[in-house]
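So the chains spell out like this:
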Amino acid sequence: MNGIPQADPCNIVIFGASGDLTRRKLLPALARMRGWNLISPDSRIIGIMRDQAWQLDAWRDYVHESLQEFHAETINDPASWESISAMLELTIGDLTEPSMYQHLRETLKTTNGKANTLFYLAIPPQWYETAVSNLHKSGLLDESDGFRRIVIEKPFGNDLDSACELNRTFREYVKESQIYRIDHYLGKEGVQNLMVFRFANTVFEPLWNRNYIDHVQISVSESIGVEYRAGYYEKSGALMDMIQSHLIQVMTLVAMEAPVSLDGNAVRDEKVKVLKSVRPIPSDQVDQFAVRAQYAGGTIAGKRVPAYRDEPDVNPSSGTETFAALKLYIDNWRWQDVPFLLRTGKRLPDRVSEIAIRFKKPPKNLFSQVEEHLPQNELIFRLHPEEGMIFLLNAKLPGLNDQLRKLALDAPYAVTGSDSPEAYETLLHDALLGQTALFSRADEVEESWRIVAPVMQAWKQHSSIRFYEAGSWDIPDMENMMDGCIGCWRDLSTTYKHGYTSTS
Ligand code: BG6
């Protein structure tokens, strides 16, 4: 990729090398990055395997099969595969055994006097502490001969207390600057563009506040169900799985002030200020600020799909929410009394993710004779499908008439022929370069748990849940959340083509 720096040679050590995340996301991302020359050929991809039966050849075969399934371009091009294959190394051993870390140490490659190493913990969170304390004890986190960084996946804790505890534990072994907490939404092109859009232009800044914005809607709708992840999802539900992390992170980027620079801490300082300003949800009024529901059986894209409770490994009387929505207020000068509405769910009609900024109406409708209710202006950042921006304005229909129409200014990000990176590529590359702005800092994680804590507690105490039919947007009580906002929740099935559209 033109102008993008290649990261210095690095040992990329994957804990959980035979896991699902490694197969689906990490290996394809590394292969693409190698293809773009963003990773040095002197780097190593070291898989940690517990089973003694693994051999280097078997690890190579495993990587080959994974890429065949998830990034076949590398396999179809012998030179690309050869260049990835030459980077593969293996360390056998259990992450609880000190001897494994000794072997790992011997496997690390030193280039130009440096043994830079990125430890990717693609393992269940209950093993984080064991892995990090052993890395520390074996001296593997010492940075005297190159950087040592740890990448961790969500969930980071499962409530405020456990997240604080985990942060405390990490601090015993490793500096905050060495920890890269992944939230893959921050690696999405559309999410990164929010910052560019806000801070590389002046045109919207005067409007970006409570004087002009009625409310903000952040929606992530998925048509897939819980799939094979019931073991994890039963304990998390939509609130923890999506809102505590991804949607709240996106909200901070919409709401934050301009940072003093793009330095990781400068950006994260501003995000933390937003999180700290979120008005606590009163524990006795959770129903006014939060909605949850679970999918019943239904039809999606013409196919019958089972109810959540009938999915494999789900408790048949499960109270886990597969849909959650929150209404948050940010108590500061810019956003006082502007609702931020966050919603996400599985088994909804379509896979759509977007951020919609809905503006206030003009103070007087001069066109009431032709249009009794002027539609509000909306600025939509679309994350999926087709990342891009749409601005909805009101305009006169051309010709001899006095009709108004909605005019959609649609700007897709994708340029024909361009190859945009996946979130994991962006994030891995940033971690290799030591850029931290797209990773969550300890205080950010704690603050976002603080925001959802009253809701988690209330939902735990009252376990009864309501249902929605899979494939429908008929979520009980969802519309009540719009009280005090102009209009309804956005209809995510509407797609806008550049140009005039109906006013409704
Ligand atoms: C993950 C959640 O973090 O994000 C999943 O655990 C969810 O439940 C996924 O499906 C959604 O990510 P994306 O990038 O497909 O919107």
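Everything discussed here concerns the structure shown above.
Here is a short report on the structure shown in this document.

Rules and cut-offs
Residues numbered from 1 in each chain as written. Predicted model: local features only at pLDDT ≥ 70, side-chain atom pairs only at ≥ 80, totals over all residues. Heavy atoms only, no water. 1 Å grid on protein atoms, 1.4 Å probe; cavity = no way out; pocket = protein on both sides within 12 Å on 5 of 7 lines; lining within 4 Å. Points joined across faces, edges and corners; volume = space filled by probe spheres on them. Nonpolar A, V, L, I, M, F, W, Y, C, P; charged D, E, K, R; others polar. Helix = DSSP H or I, 4+ residues; strand = E, 2+ residues; numbered from the N terminus. Buried < 20%, exposed > 50% of the residue type's maximum accessible area, 1.4 Å probe, protein only. Near = heavy atom within 4 Å. Polar contact = N/O pair within 3.5 Å; in protein donor to acceptor, adjacent residues only side chain to side chain. Disulfide = S-S within 2.5 Å. Pairing = 2+ DSSP bridges. Axes fitted to C-alpha atoms, helices over the stretch in contact; angles between N-to-C directions. Contact = heavy atoms within 4.5 Å. Phe/Tyr/Trp six-rings, centres within 6.5 Å; stacked < 30°, edge-to-face > 60°. Lys NZ or Arg CZ within 6 Å of the ring centre and 35° of its normal. Salt bridge = Lys/Arg side-chain N within 4 Å of Asp/Glu carboxyl O. Parallel < 35°, antiparallel > 145°, perpendicular 65-115°, else oblique. Left-handed = near helix turned anticlockwise from the far one by under 90°.

The volume enclosed by the second largest pocket comes to roughly 690 Å³. Around the second largest pocket, the lining comprises 32 residues; the ones closest to its centre are Gln192, Leu262, Asp430, Gln435 and Leu438. Looking at the lining of the second largest pocket residue by residue, the classes come out as 18 nonpolar, nine polar and five charged.

Here the focus is the environment of Ala58. By the element assignment, Ala58 lies in helix H2 (residues 56–70). Overall, Ala58 belongs to the partly exposed group, its relative accessible area being 30%. In this structure, the C-alpha to C-alpha distance between Ala58 and Leu90, residues 32 residues apart in sequence, is 9.7 Å.

Turning next to the site of the ligand. Taken together, Lys154, His184, Tyr185, Lys188, Glu222, Arg229, Asp241, Met242, His246, Lys346 and Arg351 make up the full set of residues adjacent to the ligand. At 3.1 Å from an oxygen atom of the ligand is found a side-chain nitrogen or oxygen belonging to Arg351. Of the residues in the shell around the ligand, the class split is two nonpolar, two polar and seven charged.

Among the secondary structure elements, Gly19 is positioned in the loop between strand S1 (11–15) and helix H1 (20–35). Separated by 104 residues in the primary sequence, Gly19 and Ile123 have C-alpha atoms spaced 7.8 Å apart.

Another point: the state of the cysteines. Taken as a whole and judged by the stated rule, the model has zero disulfides. This cysteine, Cys485, is not joined by any disulfide, and Cys488 carries the nearest cysteine sulfur, 10 Å off. Residue classification places Cys485 among the buried residues on the basis of a relative accessible area of 12%.

Below, the discussion takes up the sheet that holds strand S4 (residues 117–121). Through backbone hydrogen bonds, the strands of a sheet pair up, either in parallel or in antiparallel fashion. Taken in spatial order, the six strands line up as S3-S2-S1-S4-S5-S6 in an open sheet, and their pairing is parallel. What marks the edges here is a single partner per strand, and that holds for strand S3 (88–92) and strand S6 (179–181). Here the average twist between neighbouring strands, direction ignored, is 20 degrees. One ladder, built from five bridges, connects S4 with strand S5 (residues 148–152); its direction is parallel. Bridge pairing links Phe119 to Ile150 in S5. Across the sheet, H2 lies against strand S2 (44–49) and S3, angled at about 125 degrees from S3, the strand it touches most.

Here we come to the packing of aromatic side chains. Counted under the stated rule, the structure contains 16 aromatic pairs. Ring pairing ties together the aromatic residues Tyr233, Tyr295, Tyr308, Phe323, Tyr468 and Trp473, which thus form one cluster. If you follow Arg343 out to its NZ or CZ, it ends over the ring of Trp473, 4.7 Å from the centre. Positioned above the aromatic ring of Tyr295 is the side chain of Arg347, whose terminal nitrogen or guanidinium carbon lies 5.9 Å from the ring centre.

For the rest of this paragraph, the subject is the pattern of salt bridges. The full count for this structure, using the stated rule, is 28 salt bridges. Residues Glu378 and Arg490 are paired through a salt bridge, measuring 2.9 Å at the closest nitrogen-oxygen approach. One end of the pair, Glu378, is in strand S13 (residues 378–384); the other, Arg490, is in the loop between strand S16 (467–470) and strand S17 (499–501), and 112 residues separate them in sequence. Residues joined by salt bridges that share partners form a network here, namely Glu354, Arg358, Glu378 and Arg490.

Another aspect to go through is the packing of H2 against helix H4 (residues 78–85). As a packed pair, H2 and H4 sit with axes 11 Å apart at the nearest point and diverge in direction by 135 degrees. Here H2 is positioned oblique relative to H4, judged by the angle of their axes. The element H2 and its partner H4 pack so that their crossing is right-handed. Contacts from Arg60, Val63, His64 and Leu67 of H2 reach H4 at Trp81, Ile84 and Ser85.

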